[in-house]
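A look at the structure
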Amino acid sequence: MISGGGTNLQAIIDGCADGRIDATVVFTGSDTPDVKGLDRAKKAGIDTFVVDYRKIIKKCRESPEEIKSSLPSDFDLVTVREKQSLMSDDHNPSQVDFFLQSRAVAEKMLLEKIEHYGIDLLVLAGFMRTLTPYFIDRINVDPNNKRIMNIHPALLPAFPGTDGYGDTFRYGCKVGGCTVHFIDYGEDTGPIIGQRAFQIEDGDTLDDVKKKGLALEWELYPACIQKFADNLLV
Ligand code: GRF
């Protein structure tokens, strides 16, 4: 699943084509329409779909009644812990409810699309949405077998969040890197599968850091997916 340019997706498609990855990309899903990653997938003959989060959020705002009727029946039960933690951060209660509800509607649509394919592994390649425990459990099926992988642009556990290379650069680090990990319920906290590091030289710009990092991501992600295919991650 992607949200943007899809250069990691491209590396995975290429890895499947040249034999570095013994697997097939069966679909590419995006939370945003018209992104370059979708074109890359189509060009490779891969099924694509969009679950347009922005549009869904807008629709939910316009017709709150419709939201309630679209929620999973166990919604209150599965969001109780998340709600407590968001409330303890002093968020506005009605905004918390709206956030949780609109995201549940979007995820329900995502699950309908994904489950149709019967996949072994769900690969997040620049997918910029957080996934709920409900969604994660539905994909994993067996809680002891993690099946959602992510690539993060920093050496976790340093610099979780949405701007890993930016945070690494602004902190003044002399080493940056990328991490492939399984998803768990936390933010970029799941078990680490692989990491690559690079030197940040005096005079490097943020752009240099991103270029160095991405070049390593394109090697690391296919290698980690192949480890999964080889059953080495149990
Ligand atoms: C990558 O830097 C990845 O680490 C992060 O989002 C970016 C996606 O880039 N999660 P791309 O869409 O694969 O080009």
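Predicted model, so just to flag it, every value in this text is computed and none were measured. (Residues numbered from 1 in each chain as written. Predicted model: local features only at pLDDT ≥ 70, side-chain atom pairs only at ≥ 80, totals over all residues.)

1. Some thoughts on the site of the ligand
Residues in close proximity to the ligand total 15 residues, the closest being Gly5, Thr7, Asn8, Gly126 and Pro153. Looking at the shell around the ligand, the elements with two or more residues in it are helix 1 (7-18), strand 4 (148-152) and helix 9 (206-229). Of the residues that constitute the shell around the ligand, the class distribution is 6 nonpolar, 8 polar and 1 charged. (Near = placed C-beta within 6 Å. Helix = DSSP H or I, 4+ residues; strand = E, 2+ residues; numbered from the N terminus. Nonpolar A, V, L, I, M, F, W, Y, C, P; charged D, E, K, R; others polar.)

2. Describing helix 1
Between the first and last C-alpha of helix 1 there are 16 Å, a value that for 12 residues agrees with the 16 Å anticipated at 1.5 Å per step. For helix 1, the complete set of buried residues consists of Asn8, Leu9, Ala11, Ile12, Ile13, Gly15 and Cys16. In this structure, the buried residues of helix 1 make contact with strand 1 (27-30), helix 2 (36-43), strand 3 (122-124), strand 4 and helix 9. Just downstream of helix 1, Gly19 is the residue with a positive phi angle, here 90°. (Expected span 1.5 Å × (residues − 1). Buried ≥ 20, exposed ≤ 12 C-beta atoms within 10 Å, placed from the backbone. Contact = placed C-beta atoms within 7 Å.)

3. Structural notes on the nonpolar core
Judged by nonpolar contacts, the single largest core of 40 residues is most densely connected at Ile12, Ala125, Met149, Val180, Tyr221, Cys224 and Ile225. Residues contacting Ile12, with those up to four places away along its chain left out, are Ile21, Val25, Val123, Ala125, Tyr221, Pro222 and Ile225. By size, the runner-up hydrophobic cluster in this structure holds 8 residues, among which are Ala154, Leu155, Phe169 and Val209. (Core = buried A, V, L, I, M, F, W, Y, C linked by C-beta atoms within 7 Å.)

4. Digging into the packing of helix 3 (residues 53-62) against helix 6 (residues 93-115)
As a packed pair, helix 3 and helix 6 sit with axes 9 Å apart at the nearest point and diverge in direction by 130°. In terms of orientation, helix 3 and helix 6 fall into the oblique class. Of the two possible hands of crossing, helix 3 and helix 6 adopt the one that is right-handed. Taken together, the residues of helix 6 that come into contact with helix 3 (itself represented by Tyr53, Ile56, Ile57 and Cys60) are Gln101, Ser102, Val105 and Ala106. (Axes fitted to C-alpha atoms, helices over the stretch in contact; angles between N-to-C directions. Parallel < 35°, antiparallel > 145°, perpendicular 65-115°, else oblique. Left-handed = near helix turned anticlockwise from the far one by under 90°.)

5. Some points on helix 9
The terminal C-alpha atoms of helix 9, which comprises 24 residues, lie 34 Å apart, in line with the 34 Å expected from a rise of 1.5 Å per residue. Considering bend angle alone, the principal kink of helix 9 is centred on Glu217 and spans about 25°. Along helix 9, the positions that sit buried rather than exposed are Val209, Lys212, Gly213, Glu217, Leu220, Tyr221, Pro222, Cys224, Ile225 and Phe228. Those residues of helix 9 that are buried lie in contact with helix 1, strand 3, strand 4, helix 8 (164-171), strand 5 (175-182) and strand 6 (192-199). Once helix 9 ends, the next one or two residues include Asn231, with phi positive near 60°. (Bend = angle between axes of the 7 residues up to and from the residue.)

6. Notes on the UniProt feature "site: Raises pKa of active site His" (unreviewed entry) in the chain
The residues that UniProt annotates with the feature "site: Raises pKa of active site His" (unreviewed entry) are Asp188. With respect to the helices and strands, Asp188 occurs in the loop between strand 5 and strand 6. Accessibility expressed as a C-beta count within 10 Å gives 19 for Asp188, which makes it partly exposed. Contact partners of Asp188, with chain neighbours within four places excluded, come to His152, Leu156 and Pro160. (UniProt positions renumbered as here; feature names shortened; annotations may be inferred.)

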